[in-house]
Each structure stands twice: as C-alpha cells, then as structure tokens.
Amino acid sequence: MFPWRWLALLALIPLALSANAGVKVKLTQKGLDFGRELAVASLQKKLMTITVPDISGKERVKAIGKVRYSVTEMRIVKLGLPSSAIGLVPGTGFSLTITNAFLSLHGKWRVKYLRFIKDSGSFDLSIKSLSITTSISLRSDNMGLPAVAMASCATTLGGVSVKLHGGASWLYNLFHRFIEKEMRSQLQKKLCPLVAESVSSMNQFLKTVNALAPVDRYAEIAYPMVSSPDISSSSIGLNLKGEFYNIGHHMEPPFSPAPFSIPNQEQSMLYIGLSAFTANSASFVYNKAGTLSLNITDDMIPPNSPFRLTTNTFGVLIPQIAKLFPGLMMVLQLKMAKDPLYNIEANQVTVDAKSSLTAYAILANTSLAPLFVLNLDFSVSARVNVVGNKLAGAVTLNQLDMSLGKSYVGDFKVGSLSNIFQIVLKWVVLPTVNVRLKEGFPLPSLGKFNLKNTQLQILKGYIMIGTDLEISG
C-alpha cells in the first residue's frame, strides 16, 4: 500500500458544506515529512516488483553481420530512492518528487550470428539519476469520502552502465545501441502505472478512519468534513463536524458551533482543536439518553461517612421528616433540568449544571414517599488530558446553589442542607461522572496511527492538542 496515511485524515463521511466546524485539524510540514518517509519506503517496495518483458530482435553489427538476440529473466535486484521532497499544491492536492534514484537489473542474454554461432550469458545493468515526479489530486468519491488519484506522473532515466558476464566485447555495442533503448522504454512504461497503483491503494486505507466512532452503548461521535480541505502552501486544514449522536438516532442539538481557528504552529505534526460545541453535543446526547440521571442510595455513601441516607439523618435538620417517616432509608433522584453547559476560557474548562433532586423515603412495602424537591445549580471545573487516542478528564466541585422546588413535609430552610448535598455531590455524583470521563472519548484518528508527544492547551472557546504521530505495532 502507498501509505499517504497522513492524508487519511481527509477520509471522513459525506460533506455537509457551509456549516461551522466543531473540530478542526491542521497537518503541518512536519507531518507531511513524516508521511513522505512512509510513502517513499512503501513506493520502494512497490517498485521492486517491476518485471521487464523479454526483449528479442535482430540487428546488424559491424564486422559481425546480422545478429539475433534475446534478453530474458530480467528483474530488479537493487533500487534506491535516496532523495525526495513533498509539497502542497494549494487548493488541489500534493506533489511528490524523487530524485537521484538508482536501480540495478539482472538478466540473461543469448545471441546467434553467422548462422550457426550461438553464445549466452548474464548481465547487470545499472541506471542512475532516475527521477519520478507525480502530483496527487484530492476529491470526494460517490460516497462522499475524499479520495486520492494520481493526476500526473513523469519519469526520467539517467546514465546506464552494463556489465556482461561471458560473450565478446562487440556485445557491448549491441546493448548500448539497441537493447538499452528498449529497456529504457519498458521501464518508463512500468514506473508511472506502479505509482498510480500505489496512490489508488491508499483509498482502501482511507476507509479506516473513525468517521463515525463508537463511544459507548449510548453515543457515537461523528467526524465528517463540513467543507473541503483548506490546502495552503504549508499545511492542510480540515473542518470536521465533531458532534456526538445517540446511537441509531441522529438528532441535531438546538445550538451550532461558533467559528474558531487554530493558530499557525509548526512544532508538532498535527494540531487538533475541539470546541465547546463538541462537549455540549455530548451533554445533549447523554441527557437525552437519560444517563445523566442518578438514583443515590445509602450504599453509595462511603462507609466511614458520619452522614447516612436515612430519615433520621435528615430529621435532625428537618424535624417533620423524622416525625412522619421515622427510621426509614431514603433515596435521592437527581435529574438534569437542562443539558449541562461547557464553557471553555483561557486555561480553564467549567461546566454549569441545573438539576432537580427529589428525596424519597423508602416505605416498608418498598414504595417511595416524596419528601421534597430541590433545585440544584452547581458549577464544576474540568481537567482534561490526552490518553492514547482519547480525550479524558475529571471534574471537581466549584459552587453549589440550592432552592426549594417543592416540599411534602412543610416549610424548612434549604440552607441547612447545604453541607449534606455538597457531600453527596463530592462523594457520589462527581466520582460517578469521573469514572466515565476517565475512559475518554475518541479523537479523530485513522488506521494504526497513535498520538505521541501530545501537548494540550486550553484557549478561548476550544481545546488545542498538538501531537506527533507514530505507527503502532
């Protein structure tokens, strides 16, 4: 395979033009050079498979007369591509130039002359100063996936040297005047089609990108391009949707990505910018799926906590509860009143959540008796980091505001419950959230590429990840 694999980041699902991007990706010159090394190594293997058809004919040689000849079993025994360069063609695609290449052929020769004299042997032929110049176009195929194709190819073959094993000296003249010309022609016919095959084979690899990446049993994240790639003279910019969806049910959220741009940086091979839109689309999806709701029971409270989830505990602060429902266990049902909202500012990520919490007493027959409903508005700080090819994180509580939504046990002062519910949030709710956040969410990726040397910056409106690439395994 001709691994223009760094281009495979272009292979995403059908375009939805003119929309803002939730995720942006920029491939730098450093990334292009990484891809060039892989491409040249793969192309060298491909070119080693060149086979040259047998050549035969008859020519008149001075002092010898008419000579019938055949050259057979020719194969490449050595090929080097020591110098190469890759460049971007703005708005179009890529170019790859290979210079100072060389190859050596080994084959067998046979001649017949003066009607009855026959001779045979082997030969080694070396060609120096071989060059290949090719341009590759990027387009969208009929499935909406970007595809690559060779747009043009040119080759030149430099000086040729021949070493014969066996035979007379006049054979050199025969090789140089007639056989060399035919062999040059045959090689030039073979080179560009093999390059085209290598470029075309990359399209199969393009299908390995995580254009629609599974996250868990509730969600998947889509990375389709929302516009054509921005190809400049120094980088490739990709505008990706970067949106979470419920599995099997793609519903657009009631908000859109805000415009943002990745600054020009060259230290890493790749830069990935993830906007608040992507995180908020996750909130929308998980809240719709009901996974942000939580039933909190006493067995979820740490055993060493002096606070227990019982009517006796709450009865100390709200005497009516102890009078009406003495000695019962309780359950708290936490539900989001709105989708949690991510805010990304310079050097900080916060999440604001508005929720309702209903407290129940668990009766002897296991039915639930409502006690009160609280409105909880809380803010958390999020730490984010890259683990493998995923973005992971954790949250800590910043602030909690409470108000009484409804009481079934008479009036009481909500402020008296503040310490209890801070404990509930810190010891139960946020650790539950952090377990999921630790697992992470897939970043745009492809094939067997891994991210390495990652650096993360939190900028206004988005998180930027600078990273190099490596091939796993």
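None of these values were measured; they are calculated from a predicted model.

Peer 1: Hey, could you run me through the pattern of salt bridges in this one?
Peer 2: Side-chain pairing between opposite charges can occur once the charged atoms of the two side chains come close. In the structure shown here, the tally under the stated rule is twelve salt bridges. Between E180 and R184 there is a salt bridge, with the nearest N and O atoms lying 3.1 Å from each other. Note that E180 and R184 are positioned in helix α2 (residues 170-206) at a spacing of four residues, about one turn of the helix. Of the residues examined, E180 reaches a relative accessible area of 15% and is grouped as buried. For R184, a relative accessible area of 23% translates into the label partly exposed. Residue K460 pairs with E345 through a salt bridge whose shortest N-O separation is 3.1 Å. Remark: E345 occurs in strand β17 (residues 341-345) and K460 occurs in the loop between β22 (449-459) and β23 (462-471); sequence separation between them is 115 residues. You can call K460 exposed: its relative accessible area is 61%. When its relative accessible area of 33% is taken as the criterion, E345 is described as partly exposed.

Peer 1: Looking at this structure, I do not really get α2. What am I missing?
Peer 2: For α2, built from 37 residues, the straight-helix expectation of 54 Å at 1.5 Å per residue is met to within 8% by its first-to-last C-alpha distance of 54 Å. Of all the bends in α2, the largest measures some 45° and sits at I179.

Peer 1: Help me understand the confidence of the model for the protein, please; the structure alone is not making it clear to me.
Peer 2: Caution applies to low-pLDDT parts of the model: their predicted coordinates are not meant to be read in detail. Counting all residues, the mean pLDDT for the protein is 89, and 95% of those residues have values of 70 or more. Scored below 50 in pLDDT, residues 1-18 shows 88 contacts in the model against residues more than four places distant or in partner chains.

Peer 1: Would you take a moment to explain the environment of L294 for this structure?
Peer 2: Tracing the chain through its elements places L294 in strand β15 (residues 294-297). For the pair formed by L294 and L334, sequence separation is 40 residues and the distance between their alpha carbons is 5.1 Å. Sequence-distant contacts of L294, that is, excluding residues within four places in its chain, are made with M300, L332, Q333, L334, V428, V429 and T432.

Peer 1: Got a minute to help me understand the packing of aromatic side chains in this structure?
Peer 2: Given two aromatic rings, their pairing is described by the distance between the two centres and the angle made by the two planes. As enumerated under the stated definition, the model contains eleven aromatic pairs in all. Centroid distance F314 to F421: 6.1 Å. Interplanar angle 55°. Geometry classified as tilted. Highlighted residues: F314 in helix α4 (residues 311-317) and F421 in helix α6 (residues 418-439), separated in sequence by 107 residues. Comparing F314 with F421, the two get one shared label, buried. With centroids separated by 5.4 Å and ring planes inclined at 65°, the aromatic side chains of F372 and F412 adopt a geometry described as edge-to-face. Highlighted residues: F372 in strand β19 (residues 368-387) and F412 in the loop between β20 (390-407) and α6, separated in sequence by 40 residues. Residue F412 is classed as buried on the basis of its relative accessible area of 12%. Cluster of aromatic residues (ring-pair linked, three or more members): F307, F314, F372, F412 and F421.

Peer 1: How should a positive patch on the surface be read in this particular structure?
Peer 2: A contiguous patch of positive charge on the surface is contributed by K58, R60, K66, R68, R110, K112 and K118. Those elements giving two or more residues to the positive patch turn out to be β2 (55-61), β3 (65-80) and β5 (93-113).

Peer 1: Help me understand the side chain of S379 in this model?
Peer 2: Within the element layout of this structure, S379 appears in strand β19. Judged by relative accessible area, which is 15%, S379 ranks as buried. A distance of 3.2 Å separates polar atoms of two side chains, one belonging to S379 and the other to D352.

Scoring rules and cut-offs
Residues numbered from 1 in each chain as written. Predicted model: local features only at pLDDT ≥ 70, side-chain atom pairs only at ≥ 80, totals over all residues. Heavy atoms only, no water. Salt bridge = Lys/Arg side-chain N within 4 Å of Asp/Glu carboxyl O. Helix = DSSP H or I, 4+ residues; strand = E, 2+ residues; numbered from the N terminus. Buried < 20%, exposed > 50% of the residue type's maximum accessible area, 1.4 Å probe, protein only. Expected span 1.5 Å × (residues − 1). Bend = angle between axes of the 7 residues up to and from the residue. pLDDT = per-residue confidence, 0-100. Contact = heavy atoms within 4.5 Å. Phe/Tyr/Trp six-rings, centres within 6.5 Å; stacked < 30°, edge-to-face > 60°. Patch = residues over 30% accessible without salt bridge, like charges linked within 9 Å, V, L, I, M, F, W, Y side chains within 5 Å. Areas by Shrake-Rupley, 256 points an atom, 1.4 Å probe, with all protein chains shown as cover. Lys, Arg positive; Asp, Glu negative; His and termini not counted. Charge placed at Lys NZ, Arg CZ, Asp CG, Glu CD. Polar contact = N/O pair within 3.5 Å; in protein donor to acceptor, adjacent residues only side chain to side chain.

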